[in-house]
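Coordinates in review
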Amino acid sequence: MGPWEEIRQRIENGDGGDGLVAFLLGLGAADRKAVAAELPGYLAARVRDESRWGVAGAAPALRLAGAACLGGAAQVAAWLDRRELRTVPSPKADAERISRLVRDRPEPWRRDLARRLAAGLRPGGRGLAGRVDGEPGWDLAATLVIETGIEPPDNDAFVAGWVWHLHHRLWTGAGADLVRDHPLLDFMVPRLFQAEGVARPLAHDRAWNSAYQHPTVIGALAGLAGEGRLDRKALIGGCASKFLNGGDGREVEPFVSLWEELRPEVAELPVVDLVRVLPFAASPLVRLAAAELRRADEAGGLGEELFAEAVGALAFRQERKYVTTALQWIAQSAPTRPATPRPKAPSDRVGGQPGEGASGLVGGRPGEGASGHGDEAGGQGASNRVDGAVVALGLVFGVEVPSLRDRAVRLAVKLAPQASRAAREAVREAAAVLPPEALARIAAAYGEVVPAPPETPVTTPLTAPALPGMPGPIGSAAELAAALSSMSWPHDPIRYELMLAALVEHVHRDREGTAEALRPWRNERWGSFEHGYPLWADPSTCYHPYSLLSLCALAVVSPSDSAVLSRQISDYLARNPPYETVLDWFIRDRYREVVALFEAGGSVPLLLATPTARTGRLDAATLVDRLELLGDREPLPLDFCQALLRLPRAVDPVALGRAERLTSAAGRRLAAWLRAGGAADPVIAYGPASVMRNLGGYQNYAPVTELHARMTSAPGLPERIRELFTLEPREYFAGHSDRMAWWPSVLPSHREALAAHVLECFAVDLRHRDAQVDVLPALAYGDGPVGRATAAAIVLGMGHKQPAVRVHAIDAAKILALRGELSAGDLGWALATLVALDSVTLKRVAPALEELALSGAHGETWTMLASALPALLPGAGEPARPGLADLLAVAVKAAALAGARTGPQAGARVGIPGLAELAARKGAARPVAEARALLQAIAPA
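Residues numbered from 1 in each chain as written. Predicted model: local features only at pLDDT ≥ 70, side-chain atom pairs only at ≥ 80, totals over all residues. Heavy atoms only, no water.

Turning to the overall build of the protein chain, a few remarks are in order. Per the secondary structure count, the protein chain includes 46 helices and 4 strands. Across the protein chain, contacts joining residues at least 24 apart in sequence account for 74% of those joining residues at least 6 apart. (Helix = DSSP H or I, 4+ residues; strand = E, 2+ residues; numbered from the N terminus. Contact = heavy atoms within 4.5 Å.)

In structure tokens, the structure reads:
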């Protein structure tokens, strides 16, 4: 047996260990060259026959053979970095073996290989979100870098790999000495603060190792700084540099932790850098920077200008916690003395004449201060610290939290005697937005203030996202193979329908030619079944149309393999019936009837149900054409049912006349369907129901009261269609689906029935943030009545935890509004009902409704809120709901845009019971302030 045959046998036997290493070390130069010539073709053939996943078990042996036999360092690096070979089960053992194999190479060659491997590292493998086992290829690259003594190339993935390496060693029992003595320490530490991707391993290490009382990387670095092994000043400066580079909380939090471990002295604080990060930093960094700056300020290490910049930045952020920090800091550190009230001059007034309303000037003569001596009250010696403080307080005047605003006003009044002319002018200008009572207090201390004119909300013309165009037809078997190869997320249901239709038509015309065209796709996607099926074709996961369409094509190329897998799927489903919706069962069974047809060697000329419009609808005349081409053949049963469901609601008389002339049994059924006007809409009832749900965690089930729709189908429908129009609340995970994108094309002419199914799914999935809210725009573009199920689904979508997901619900509302189909009354009922059931929170819904109102649907938004508010306002003695102030603020804008103030009895006609009672409550709580604003907005003109 020659060297290559021996190596190939070892590869195929899974020998990637020391035995193969010993054999390779014994090869001469000629044998190595001969093996090197065989390796690329051998790997290409295996990938072609088994797919790149199929060669994963042979990767260790192939890596060893390539490292030992390929010639140039560039060739070896490229071989080891192939995506089929990058990941191995034991990276450390792989690194040790390859290092032994290349130890006899010239030193320049080994240094070149080390540089190439280190520079070629890139994040990847096993999914970035869940990977905790390090950077693929790092162990080998690091081993060669250390052995050759080169400086590692500046590669972010190499730095992240070093952190993962330290984490794993510390986790398995190594002490902090590992970090102190690591040969790469001095290279890596400065790069920690510039490299992307190091935050995740640092955070993971801190969470896990500290939880089990193991040393952490961050703790070890801080300890080394304490003992002088690392430069403490450099670490503090590196953290500051990382802070200035920005990033979200996950990116900066590990460096905040390092900073806290280092415990910088006041003299070590880079106060300028900490002030500079306040306007844009993520929450963990803002908390740290504010605390450190206050510590520096207490020690006298923060100048007046930096104090002013810091409190101004915190106040400008507008988030309540940061504004509160600014106010506390100002109250504790800015010198105050009681303001000296000045006698009121005859010209002091509110408005133009004594007793006039708050629409005029407030205070005394322009420029007069609280002492009655103009700007000299603050004096030319007024503290810069006071000036910075009052300017920052002016920024708080515009916040929507009355308690913060009132506190800022109180502080500003106390500081008025010491403020300079410029600062007083800035405060007067900022005070223009204050409500009348607070504005009068500022005017008394700083001089007259011109109130800002009422802010008129700005709206834009109502628009909505357009439907994408219809995909082009698939003209040949080669195009079909290319389309199947390009299937990827996000999946396009209409594209899948066209691929399925093309597959059926090409198989009927030329099964052998179609199978030959699909064979390369089959080899790439399915590989050999000798070692089992691909993961995505596993019976337990083969529900998705992606897998089902692939199974349809497999049934053409290899019916026997398809039949084996189909039996396994059926057996699995019989043993493990999934929580499937009737819509998912219907979609799955449509594909499986095509699979069964192909596995039996049969074919049909075409499918009837292939949509002619992007919404999934099917033109009636086209369906008649297809039945004429089908002749007396009986169509596939579910394909025919789907075709009927996709017909428009309005009957085309010409198409009906042509259908009446069809002689086939299917033609007669179509004619009867069209004469009856299609499927009658189901009877739908709405109301709360208590069902068992998982509340998060293992076996954490409890009854939950939710809004559900119940459907009862009209009599006389085919069984599979009747199932789609029947619905009852279901418990646990029943109702869940991850294939909702396919639903609108199943029922494109029955929106409310479809929405009832969506509502049932949302009841399960919104709790776990899995709801596919992006189904709502497609639902809205359908046909048929819309009612309370549609409204509830939209409101639930607006209440999603993620703002980016709420956009889909807003878009659906815009689509319906543009078409004159948005039922504001149903939306108001849905909002009040879902809030009462704790299914949505006002804090999340309010921003979505504000966007809807400002996007041109202000009339619908106002009507919705006017109908919902009576149920959402607190009763006598009750506290306001969380988020009610936000909702009332939206109502104020919507009412202004909608022209709710229509006459002497406008407020009464609007009819919002409880609003006046809330507005009459004492105090400046924000819900009360917003209720007053809304009452004023709808009051008689």
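The volume enclosed by the largest pocket comes to roughly 1,900 Å³. Lining the largest pocket are 40 residues, and of these V433, L434, P435, A933 and Q936 lie nearest its centre. Considering every element that reaches the lining of the largest pocket, the biggest residue donor is helix α46 (residues 926–937), with 7 residues. Considering only residue class, the lining of the largest pocket consists of 24 nonpolar, 5 polar and 11 charged. Reported here for the second largest pocket is a volume of approximately 790 Å³. Along the wall of the second largest pocket there are 29 residues; nearest its centre are H491, P493, A741, D774 and A778. If you list the elements that add at least two residues to the lining of the second largest pocket, you get α25 (493–509), α35 (743–746), α37 (775–780) and α39 (803–818). Of the residues contributing to the lining of the second largest pocket, the split by class is 17 nonpolar, 6 polar and 6 charged. (1 Å grid on protein atoms, 1.4 Å probe; cavity = no way out; pocket = protein on both sides within 12 Å on 5 of 7 lines; lining within 4 Å. Points joined across faces, edges and corners; volume = space filled by probe spheres on them. Nonpolar A, V, L, I, M, F, W, Y, C, P; charged D, E, K, R; others polar.)

Let us look at the environment of G72. Structurally, G72 is set in the loop between α4 (59–69) and α5 (73–80). Each C-alpha atom, one on G72 and one on L113, is 8.8 Å from the other, the two residues being 41 residues apart in sequence.

Scanning the model with the defined rule gives 50 salt bridges in all. Among the ionic pairs, E268 bridges to R232, the shortest N-O distance being 2.8 Å. Pair noted here: E268 is in the loop between α15 (249–262) and α16 (271–277) and R232 is in helix α14 (residues 232–244), with a separation of 36 residues, a long-range link. As a salt-bridge pair, K893 and E850 come within 2.4 Å of each other at their nearest N and O atoms. Linking K893 in helix α43 (residues 884–898) with E850 in helix α41 (residues 842–854), this pair joins segments that are 43 residues apart in sequence. Here K893 falls in the partly exposed class, since its relative accessible area comes to 29%. Residues joined by salt bridges that share partners form a network here, namely R103, E107, R110 and E147. (Salt bridge = Lys/Arg side-chain N within 4 Å of Asp/Glu carboxyl O. Buried < 20%, exposed > 50% of the residue type's maximum accessible area, 1.4 Å probe, protein only.)

Among soluble globular proteins, nonpolar side chains are generally buried collectively. Counting residues in each nonpolar core, the largest one holds 154 residues, and the members touching the most others are L670, V758, F762, L831, L849, W862 and L934. With sequence-adjacent residues up to four places away left out, L849 is seen in contact with M798, L831, T861, M864, L865, L887 and V890. Among the nonpolar cores identified, the runner-up in size contains 143 residues, and L85, V102, F158 and L230 belong to it. (Core = buried A, V, L, I, M, F, W, Y, C linked by side-chain atoms within 4.5 Å.)

The next subject is α4. Counting buried positions over the 11 residues of α4 gives 11, a clear majority of the element. Within α4, the full set of buried residues consists of A59, P60, A61, L62, R63, L64, A65, G66, A67, A68 and C69.

A few words on the packing of aromatic side chains. Summed over all chains, the structure comprises 10 aromatic pairs. Ring centres 5.4 Å apart and planes at 85° place the aromatic pair Y496 and W742 in the edge-to-face group. In this pair, Y496 sits in helix α25 while W742 sits in the loop between α34 (719–724) and α35, placing the two residues 246 residues apart along the sequence. Relative accessible area serves as the criterion here: at 3%, Y496 is assigned to the buried category. Here the aromatic cluster, defined as three or more aromatic residues joined through ring pairs, consists of W171, W208 and Y212. When the ring centre of W109 is taken as origin, the NZ or CZ atom of R105, which lies over that ring, is 4.2 Å away. The residue whose ring lies beneath R788 is W829, and the NZ or CZ to ring-centre distance is 4.2 Å. (Phe/Tyr/Trp six-rings, centres within 6.5 Å; stacked < 30°, edge-to-face > 60°. Lys NZ or Arg CZ within 6 Å of the ring centre and 35° of its normal.)

Okay, the packing of helix α18 (residues 304–316) against helix α19 (residues 320–333) next. Axes are the key here: two packed helices are described by the angle between their axes and the distance separating the axes. At a minimum axis distance of 7 Å, the contact between α18 and α19 shows a crossing angle of 145°. Of the residues in α19, those touching α18 at F307, A310, V311, L314 and A315 are Y322, V323, T325, A326, W329, I330 and S333. Residue composition of the contact of α18 with α19, by class: 10 nonpolar, 2 polar and no charged. (Axes fitted to C-alpha atoms, helices over the stretch in contact; angles between N-to-C directions.)

To continue, consider unusual backbone geometry. Located in the positive-phi region is Q213, a residue other than glycine, with phi close to 60°. Here Q213 is to be found in the loop between α12 (199–211) and α13 (217–226). When its relative accessible area of 76% is taken as the criterion, Q213 is described as exposed.

Our focus in this paragraph is helix α11 (residues 185–192). All of the buried residues in α11 are L185, M188, V189, R191 and L192. Where α11 is buried, its residues contact α9 (156–171), α10 (177–180), α13, α14 and α15.

A word on a nonpolar patch on the surface. On the surface, W171, W208 and Y212 cluster together into a nonpolar patch covering about 340 Å² of accessible area. Within the secondary structure layout, W208 lies in helix α12. You can call W208 partly exposed: its relative accessible area is 41%. (Patch = residues over 30% accessible without salt bridge, like charges linked within 9 Å, V, L, I, M, F, W, Y side chains within 5 Å. Areas by Shrake-Rupley, 256 points an atom, 1.4 Å probe, with all protein chains shown as cover.)

When the pLDDT values of the protein chain are averaged, the result is 87; 89% of them are 70 or greater. The low-confidence segment residues 528–537, where pLDDT is below 50, has 21 contacts with residues more than four positions distant or belonging to other chains. Note on residues 902–909: pLDDT is under 50 here. Beyond four places in sequence and across chains, it has 8 contacts. (pLDDT = per-residue confidence, 0-100.)

By secondary structure assignment, the location of N245 is in the loop between α14 and α15. Residue classification places N245 among the exposed positions, given a relative accessible area of 56%. Along the backbone, N245 and A281 are 36 residues apart, and their C-alpha atoms lie at a distance of 9.4 Å.

Attention now goes to the environment of M487. Along the chain, the position of M487 falls in the loop between α24 (477–485) and α25. Separated by 59 residues in sequence, M487 and Y546 place their C-alpha atoms 7.6 Å apart.

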